[in-house]
Each structure stands twice: as structure tokens, then as C-alpha cells.
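Overview (structure and organization)
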Amino acid sequence: MYCLSVNINLEILIYFIIPLLLGWMMDLMFGDPAGPVHPVVWFGKAIAFFEKRLNKGKHKVIKGALVSSVLILATIAVSGAVNHFTGFYFRFMHNLENWHIIYAVLIRSIFIFMFLAGTTLIREVREVFKAVDRSLEEGRRQVARIVGRETGNLSAHEIRTAALETLAENLSDGVIAPLFWYLLGGLPAMAAYKMVNTLDSMIGYKTGRYKDFGMVAARIDDAANWIPARLTAFLMVLATGRLSLLKFVGKYARCHASPNSGYPESALAGALDCRFGGSHTYFGEVIVKPYIGENERELTTDDMYKAARINRKAECIMITLTVAAGFALRFFTIFISCI
């Protein structure tokens, strides 16, 4: 039993915790890597390929559901194969060589690195604020890189608001939710979540073109983000040290059109004492989002830096919780097996 415990704990360290910490540190240092080798780029290409050919004619809901299901299952299969082969040698401890361990850790670390997007988003938001301070047109072009809404007619205040809304929402989508699913199901669950999130970001809109075809993708994304979005809001409040903000979140989070986005957005709006929401244009159609907060004040660069600090603190808390929960879950498994 002692040997079993040692082996399991060593496996947790090598295949769960070390890759997680290395992948996270790579994200902190380098940000999200750009280029054709990025898995999310291939996710996007696959989604665009099927959307272009199938999002027409009759039965759009069924066709969209099939595309979403097939792509998610394919992602689980491929990432599961990577997960299996990078952990294969551990099952034969007497044949384990140092290069086997290094190979497994590096492969998993690289995938985790690519599935986290905390640093890049903060950098992009920082660039938006710098750009809009230089000129309105430059700010509009810069914010268009990180938001789905049309930016051609946005005011300086609307540009800053859009950037901070995205910063809050994508703390959940780009950091907390991937870590949550990594904790529950390892690399395959993390990869599957990123496919779900990419599907939603590309076809999960309530516009004429995507309303039917992307309906199932949007519902899957809602389900996948239900716990992470609420966890993100709690971690953001915890990062501010003002637990009284939970009351603000409880008041405004459910006002959002999305069942999840309102939670991180309301946490940040409360922390900054500002107002998010309003009417935005997506693909030529106006979408009305309820307001979150009441203080319609001008946002400043100081607000951006404060928001970035909140994001970083929440991220660090989540990493700590993931490591601790990873050990706890495995110890619980050992305990149950001994009963």
C-alpha cells in the first residue's frame, strides 16, 4: 500500500502538477503563442470549414449540433491520445528513464501553455488603452482584435469599457475555466473546453446567420462555463479583499443576457465602481445588454492597471487551488481504495 501511495503521488507530481506550473509560467513569460501550430488556430479552421459548407438550407440546428459534437469528441480523442502516450511509460516504473519523464512533462506543459491566455489578454487590453489615448481610430482598430462587436463607431469611453468587459469575461474563458476542467479531467477535458469555447466565440451568436446553427454550441458553452464563471467572480472578489462585493455581484450578475458572463463582469464593475453593458452591434445587428452597475463614469488607465492586478491575483489563487485540489482528490482516491 505504501508503494502504491508513493507511485500515485509521484505520478500526480510528474503528470499533473509540474506540467501545470511549467505551462502557467510559460504563459506568464511569453503570452499566448501566435502561429499556425497553435491548437486553437486549427480549432478555428475546422469550425470555419464546416460552418461555410453546412450553415445553409434546412435543419441548421441539427447540422450545427452534429458539427459541435463531432469536433468536441475529436478533440477529446486526439488530446486523450497525447495524454495516454505521454503517460505510457509511467505504468512500467522499472523501465522509466529520465528522458521519458522529460518528454511527458514537456509535451503536457506545452499544451497547457497554449490553452491558457491570461498574459496575452492583459497585454492586449493594455495596448487598447494606450492606443485610444493616442487617437480614437487607433483605439477602435486595437480593440477590434479582442472583441466581437463592431468597433467602427465606438467612442473612447466605449472602447475602454469594451476592453475591460472582455478582460473580465476572458479571465473566466481563458484562465479559470481551462484550469477548472484540467483539474476535473486533465488535458483532454482542458482541450475539449477550449474547443467548446472556440465554437461559441465563432458561431454562438444570436444573429440571423448563427442563431440556429450555433444554438447547440452556445448551450454547451453555457453549461461548460456555469461553475467557472461563478468561481471567477468569487476569486476576483477575493482578490480585491472586499467580500462585500459579493452582494453587488448577486444583484447584477443575473441581469446580463448571458447566464455566465455577468458574473466576472459584475465582479470587475463592482471593484472599479463603474458601469458595463449597453447596446452593441454584432454583424450588423444591434444587441441590447442590460447595464451592470450604475456609476457611468469615464474609465482611466489606472482602472486598467487595477483590473489587470485583480486578474493576476485571481489567477494565482486559482493555480494554488488547482494544485491543492489535485493532491486532495488523488489522496481521496487512495483513501477510498483502501476502505
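Residues numbered from 1 in each chain as written. Predicted model: local features only at pLDDT ≥ 70, side-chain atom pairs only at ≥ 80, totals over all residues. Heavy atoms only, no water.

Another aspect to go through is the overall build of the protein chain. Looking only at helices and strands, the protein chain features 11 helices and 2 strands. Across the 339 residues in the protein chain, those meeting the buried criterion constitute 48%. The contacts of the protein chain with a sequence gap of at least 6 include a subset with a gap of at least 24, amounting to 72%. In the structure as shown, the protein chain presents an accessible area of about 16,300 Å², 65% of it carried by carbon and sulfur atoms. (Helix = DSSP H or I, 4+ residues; strand = E, 2+ residues; numbered from the N terminus. Buried < 20%, exposed > 50% of the residue type's maximum accessible area, 1.4 Å probe, protein only. Contact = heavy atoms within 4.5 Å. Areas by Shrake-Rupley, 256 points an atom, 1.4 Å probe, with all protein chains shown as cover.)

A separate point is the environment of Asp212. Among the secondary structure elements, Asp212 is positioned in the loop between helix H7 (156-203) and helix H8 (215-240). Exposure remark for Asp212: the relative accessible area of 37% places this residue in the partly exposed category. Those residues in contact with Asp212 that lie beyond four places of it in its chain are Lys60 and Val61.

Judged by side-chain charge, Arg242, Lys306, Arg309 and Lys313 come together as a positively charged surface patch. Classification of Arg309 as partly exposed rests on a relative accessible area of 48%. (Patch = residues over 30% accessible without salt bridge, like charges linked within 9 Å, V, L, I, M, F, W, Y side chains within 5 Å. Salt bridge = Lys/Arg side-chain N within 4 Å of Asp/Glu carboxyl O. Lys, Arg positive; Asp, Glu negative; His and termini not counted. Charge placed at Lys NZ, Arg CZ, Asp CG, Glu CD.)

All told, the structure shown has 11 salt bridges when counted by the stated rule. With a closest N to O distance of 3.0 Å, Glu51 and Arg209 form a salt bridge. Linking Glu51 in helix H2 (residues 39-54) with Arg209 in the loop between H7 and H8, this pair joins segments that are 158 residues apart in sequence. Residue Arg140 pairs with Glu137 through a salt bridge whose shortest N-O separation is 2.5 Å. In this pair, Arg140 and Glu137 both sit in helix H6 (residues 136-143), 3 residues apart, roughly one turn of the helix. On the accessibility criterion, Arg140 (13% relative accessible area) is buried. Since its relative accessible area comes to 43%, Glu137 is described here as partly exposed.

In this model H2 runs 23 Å from its N-terminal to its C-terminal C-alpha over 16 residues, within 8% of the 22 Å that 1.5 Å per residue would give. Within H2, the full set of buried residues consists of Pro39, Phe43, Gly44, Ile47 and Glu51. End-on, the buried residues of H2 take up no more than an arc of 140°, which puts them together on one face. Turned more than 90 degrees from where H2 packs its buried face, Trp42 and Lys52 sit exposed. (Expected span 1.5 Å × (residues − 1). Arc of directions from axis to C-beta.)

Turning to the environment of Thr166, a few remarks are in order. Secondary-structure assignment places Thr166 in helix H7. Counting along the chain gives 95 residues from Thr166 to Ser261, while the straight-line C-alpha distance between them is 9.5 Å. With sequence-adjacent residues up to four places away left out, Thr166 is seen in contact with Leu121, Ile146 and Val147.

Turning to a nonpolar patch on the surface, a few remarks are in order. Together, Leu13, Ile18, Leu22, Met25, Leu28, Met29 and Phe30 give the surface a local cluster of nonpolar side chains, amounting to about 590 Å² of exposed area. Within the secondary structure, Leu13 is located in helix H1 (residues 2-30).

Turning our attention to the nonpolar core. One finds Val125, Val143, Leu164, Leu199, Met236 and Leu268 to be the most contacted residues of the largest nonpolar core, which totals 77 residues. In terms of residue count, the dominant contributor to this core is H7 (23 residues). (Core = buried A, V, L, I, M, F, W, Y, C linked by side-chain atoms within 4.5 Å.)

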